[in-house]
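# Per-entry structural report
Residues per chain, in single letters:
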Amino acid sequence: FIAFEDTTIVPSLVQAASGVVLELGPGPGNQIHRYDTSLVNYVYGVEPNPHFKDDINAKLEKHGLGDRYKLIASGIEDSDVLRKEGITEGSLDAVLCIQVLCAVKDPKIVMKEVWKLLKPGGKFIFWEHGWSRDHLTTVAQVFSNPAWSTFVGCHLTRNVLADILNGGEWENPDDIEEPKDPFSCLPRIQGVLIKKA
């Protein structure tokens, strides 16, 4: 999947992360090699699946981020765990979210937490998929979703754009990009939102 992401906007989105970053759902660490290490002070990888630890540690060692990346085995909703690590309201410069909101239990809660943790002026950097704007494709998503969510682990029928926008106040909501792909069951939305001061 890394090779596919290399053909998308994902590498440039990851390189937009700077300062103290929270990577939401890093999985096996597919984005680690894409960080601009001259811009990143520290990265917290918040991942509820602890089985990715060995994959992430190997990539951290390979790409020289071992001293600036900490894997936290929890969800972003686990504020007590995050607080113990120094992640509190208004403490983050950026949150990176690559293909995560389709798989979390409640994207609305996740986005409210993301917004709270960002500093005013902090960046929410994302590449996600959700509902299609094409009605026939939406029907296909509805019929495909039960099997897709069971076997792939994410949902095709979420209004991720609304979940992101309703998470809090953003300075630049019109900057969200929705590349035109009317017949895709995985239509993308992407961008860098700035938390309103």
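Within each chain, residues carry numbers counting from 1 in the order of the written sequence. Side-chain atom pairs in this predicted model are given and counted only at pLDDT of 80 or more, local residue features only at pLDDT of at least 70, and totals for whole chains, interfaces and linings cover all residues. Hydrogens are left out, water is left out, and the side-chain values use all remaining heavy atoms of the structure.

The periodicity of an α-helix, 3.6 residues per turn, causes residues three or four positions apart to be oriented the same way. Taking 1.5 Å per residue, 17 residues should reach 24 Å; helix α6 (residues 135-151) reaches 24 Å between its end C-alpha atoms and fits that length. Of all the bends in α6, the greatest reaches close to 50° and is centred on S144; the proline P146 follows between one and four positions later. Each residue is assigned to one of three classes by its accessible area relative to the maximum for its type, calculated with a 1.4 Å probe on protein chains only: buried under 20%, partly exposed between the two thresholds, exposed over 50%. Per the convention used, a helix needs a DSSP run of H or I reaching at least four residues, while a strand needs a run of E reaching at least two, with both numbered from the N terminus. Buried within α6 are the following residues: T137, T138, Q141 and N145. We define a polar contact as two N or O atoms separated by no more than 3.5 Å, with the added condition that, inside protein, one atom must be a possible hydrogen donor and the other a possible acceptor, whereas residues neighbouring each other in sequence contribute only through side-chain atom pairs. Capping the start of α6, D134 holds a side-chain oxygen 3.3 Å from the backbone nitrogen of L136, two or three residues further along. Looking one or two residues beyond α6, the residue adopting positive phi is G153, at roughly 100°. The span expected for a helix works out to 1.5 Å for each residue beyond the first. Think of it this way: the bend at a residue is just the angle between two axes, each fitted to seven residues, one set ending at that residue and the other starting at it.

In this section: the environment of H51. Assignment of secondary structure puts H51 in the loop between β2 (40-46) and α3 (53-63). Classification of H51 as exposed rests on a relative accessible area of 70%. Between the alpha carbons of H51 and A73 there is a distance of 9.2 Å; along the sequence they are 22 residues apart.

A word on the side chain of S74. Checked against the element boundaries, S74 lands in the loop between β3 (69-72) and α4 (79-84). Those residues in contact with S74, other than ones at most four positions away along the chain, are V46, E47, P48, V81 and L82. Residue contacts are defined here by distance: any two heavy atoms, one from each residue, within 4.5 Å place the two residues in contact.

We call a set of buried residues a nonpolar core when its members are Ala, Val, Leu, Ile, Met, Phe, Trp, Tyr or Cys and they connect through side-chain atoms within 4.5 Å of each other. Formed by 28 residues in total, the largest nonpolar core has its most connected members in L22, L101, V114, F124 and I164. Elements supplying a minimum of two residues to this core: β1 (19-24), β2, β4 (92-98), α5 (107-117), β5 (118-129), α7 (160-165) and β6 (188-194). In terms of residues, this core owes the most to one element, α5, which gives four residues. Excluding its chain neighbours within four sequence positions, the residues that come into contact with L22 are Y44, V46, I76, I87, L92, A94, V95, L96 and L117. Judged by nonpolar contacts, the second largest core, of 18 residues, contains V14, V21, I32 and V40.

Attention now goes to the environment of Q31. Structurally, the position occupied by Q31 is in the loop between β1 and β2. In this structure Q31 touches E5, V10, V14, E23, L96 and I98, once residues within four positions along its chain are discounted. A distance of 2.6 Å separates the side chain of Q31 from the side chain of R34, its partner in a polar contact.

Moving on, we get to the pairing of β4. A large share of β4 lies buried, amounting to six of its seven residues. In this sheet, β4 lies alongside β1 in parallel orientation, the contact comprising four bridges. By the bridge assignment for β4, L24 is matched with C97. By this definition, two strands are paired if DSSP reports at least two bridges between them. Two elements, β4 and β5, share six bridges in a ladder whose sense is parallel. Each residue of the ladder has a partner; that of I98, found in β5, is W127. Handedness rule for crossovers: strands pointing away from the viewer, path from the first strand over the helix to the second running clockwise, crossover right-handed. A crossover links β4 with its parallel partner β5, the connecting element being α5, and its sense is right-handed.

In summary, the side chains of a regular strand alternate between the two faces of the sheet. The buried count for β1 comes to five of six residues, which makes it a mostly enclosed element. Bridge count for β1 against β2 is six bridges, and the pairing is parallel. Bridging from a neighbouring strand, V21 pairs with V43 of β2.

In this scheme Phe, Tyr and Trp rings, the latter by its six-membered ring, pair at centre separations within 6.5 Å, and the angle between planes marks the pair as stacked below 30 degrees, edge-to-face above 60, and tilted otherwise. Considering all chains together, one arrives at four aromatic pairs under this definition. Between F124 and F126, the aromatic rings sit 5.2 Å apart at their centres with planes inclined by 15°, giving stacked as the arrangement. Given the relative accessible area of 0%, F124 is considered buried. Here a set of aromatic residues connected by ring pairs shows up, and it is made of F124, F126 and W170. Here, a charge over a ring is recorded when the distance from Lys NZ or Arg CZ to the ring centre is within 6 Å and its angle to the ring normal is within 35 degrees. The lysine or arginine in question, K195, covers the ring of W115, its NZ or CZ lying 4.0 Å from the ring centre.

Functional significance is not addressed by these values, which are geometric in nature.
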